[in-house]
Amino acid sequence: MRICIIAEGSYPYVVGGVSGWIHSMIKTFPEYEFVLLTIIANRGMSGKFAYELPENVTEVHELYMEDADWGTVNKRHKKRLNLKEYHALRSLVLDHEVEWDAMFDFFRDNTVSINELLMGEDFYHAVLDCYNLKYPDIVFSDFLWTMRSMYLPLFLAMSMEIPEADVYHAVATGYAGLLGCMGKHFYKGQFILSEHGIYTREREEELIKAEWVQLLYKKIWIQQFKKMSQVAYDKADIVTSLYQHARELQIELGCPPEKTMITPNGIDYRKLEDLPGVPPEHEGYIHIGAILRVAPIKDVKTMIQAFAYAKKRCPKLKLWIMGPYDEDPDYAAECFKMVEIMEIPDIEFTGRIQVADYLGWMDMTILTSISEGQPLTILESFAARVPVIATDVGNCRGLLYGEDDTYGKAGVLTHIMNIEEIANAMVYLAENVLVRKTMGEVGYQRLMRKYKIEDMKEKYGRIYQTAEQRMNPAQEEKREKDRAAILR
């Protein structure tokens, strides 16, 4: 079976999080052929992989959202849309009974200059109708240019040539989910949608905080992301989430409940057994490990400030910030400068590491993120029997305090950006060795109950087998012919 994994801004270009999950999934199912359809910023990122691709990855296709070629004018295309095409475009812009399949066919069947489409009469009149019906009190020229900037990435996505596959597995809604819908439409493949975070809510949070977008336009952008999520929910055959509250959010956003399924993350705990202890040169400290990308979403600055306060109360503390800092070099530089200016001792930025080389001698780990799904770093800490301090985002509460077991606490939960709470948690665990040991053991028991790689493989194995059984006869016949040709 040929599976097309569709990812946006993650695998195989950055490490950790969703990327780590995709890499693990592909390696977990060596019997399947995987094709990657990746959404990245621009051609400058092309081929710059942070992972060595597994042998069962046979192709990589890239979609560039800041593509310099979008304005090419040397393409043959019709100057005006026919009535059917215009009706589909208008339904999309007005978000009224959107004719998605007609739009997919339009971009596939016509050699379209996106530049001339956005600047042309048909798009102008569709936007004008939308303006008159919904937003007549704002400046039309501003509205028109906002709509052009909003539809440019959407049209780029719909212009993408989709690789043929039996199953399309998108790891988000948004543009990735849209490409999954297109794969199902063109090749009749099964469409699986897996959300680690709820894409629409994450984009909504980002837009609310954005200073460059006026309030009304924030609402328009948010509606655009909701529109894309809805088509993914509607056309997906199965929609997975990592935990119960995420499933509830999907249903709230319009996903049919009968399609939903909870599939928790799973890790290979065996790789984190018999870990090396603390090296002699680092003895005498109480070690705190932060396994993360140095990026704004991880809120490393709050972590650094909290450590500074905790260090004054507990001088034996040492913080290890373990992970790459090339994703956002400016933010990383600000973090380095903060440590320097505040003259905080015993903070080490290690860069990219092998987790197993360090985790065995950590006394606790910490995550101060402002947004998460179900962090793999927490599960890795559990595998090493290490307690965790984490902010109350995503499924961190369920992992640390339990959802359907009575094991107890496996760490300390704090509010986001609360320096005092985070500092107190560091000091509390530093001063209570028995509590650390007990929490570490609770985490291990919770992991072994339902977060092992075998548990994840069993659930997705059933999903992929179901998708394989649902393949239509034409797909199956073509696949058998391809296999026979390879054997010849």
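Residues numbered from 1 in each chain as written. Predicted model: local features only at pLDDT ≥ 70, side-chain atom pairs only at ≥ 80, totals over all residues. Heavy atoms only, no water.

**Side note on the sheet that holds strand β4 (residues 167–170)**
The strand order across the open sheet built from seven strands is β3-β2-β1-β4-β5-β6-β7, with neighbouring strands paired in parallel fashion. Edge positions in the open sheet fall to β3 (57–64) and β7 (260–262), since each of these has one partner strand only. Across the sheet, the mean angle from the axis of one strand to that of its neighbour is 20 degrees, orientation sign disregarded. With four bridges joining them, strand β5 (residues 190–195) and strand β6 (residues 238–241) adopt parallel strand pairing. (Pairing = 2+ DSSP bridges. Helix = DSSP H or I, 4+ residues; strand = E, 2+ residues; numbered from the N terminus. Axes fitted to C-alpha atoms, helices over the stretch in contact; angles between N-to-C directions.)

**Quick look at the pairing of β4**
Judged by which residues are buried, β4 turns out to be covered on both faces: V167 and H169 on one side and Y168 and A170 on the other are all buried. Bridging between strand β1 (residues 2–8) and β4 involves four bridges; their strand directions are parallel. By the bridge assignment for β4, C4 is matched with Y168. Sheet topology places β4 next to β5; four bridges connect them, and they run parallel. Note that in β5 the partner of H169 across the bridge is I192. (Buried < 20%, exposed > 50% of the residue type's maximum accessible area, 1.4 Å probe, protein only.)

**Some words on the nonpolar core**
Ranked by internal contacts, the top residues of the largest apolar core, which has 79 residues, are V93, F143, M147, Y151, F155, M158 and L179. Looking at this core element by element, the count peaks at twelve residues for helix α6 (residues 140–158). Setting aside its immediate chain neighbours within four residues, M158 contacts L92, W100, M103, F104, F107, L178 and M182. Core analysis: the second largest hydrophobic core is formed by 67 residues, I291, L376, I378 and A390 among them. (Core = buried A, V, L, I, M, F, W, Y, C linked by side-chain atoms within 4.5 Å. Contact = heavy atoms within 4.5 Å.)

**Looking at empty space enclosed by the protein**
Tallied over the full model, the rule gives one cavity of 30 Å³ or more. By volume, the largest cavity is sized at about 40 Å³. Around the largest cavity sit I291, T365, I366, L367, T377, I378, S381 and V388, which together line it. Breaking the lining of the largest cavity down by element, the ones donating at least two residues are β11 (364–367) and α14 (376–383). Of the residues that constitute the lining of the largest cavity, the class distribution is five nonpolar, three polar and no charged. (1 Å grid on protein atoms, 1.4 Å probe; cavity = no way out; pocket = protein on both sides within 12 Å on 5 of 7 lines; lining within 4 Å. Points joined across faces, edges and corners; volume = space filled by probe spheres on them. Nonpolar A, V, L, I, M, F, W, Y, C, P; charged D, E, K, R; others polar.)

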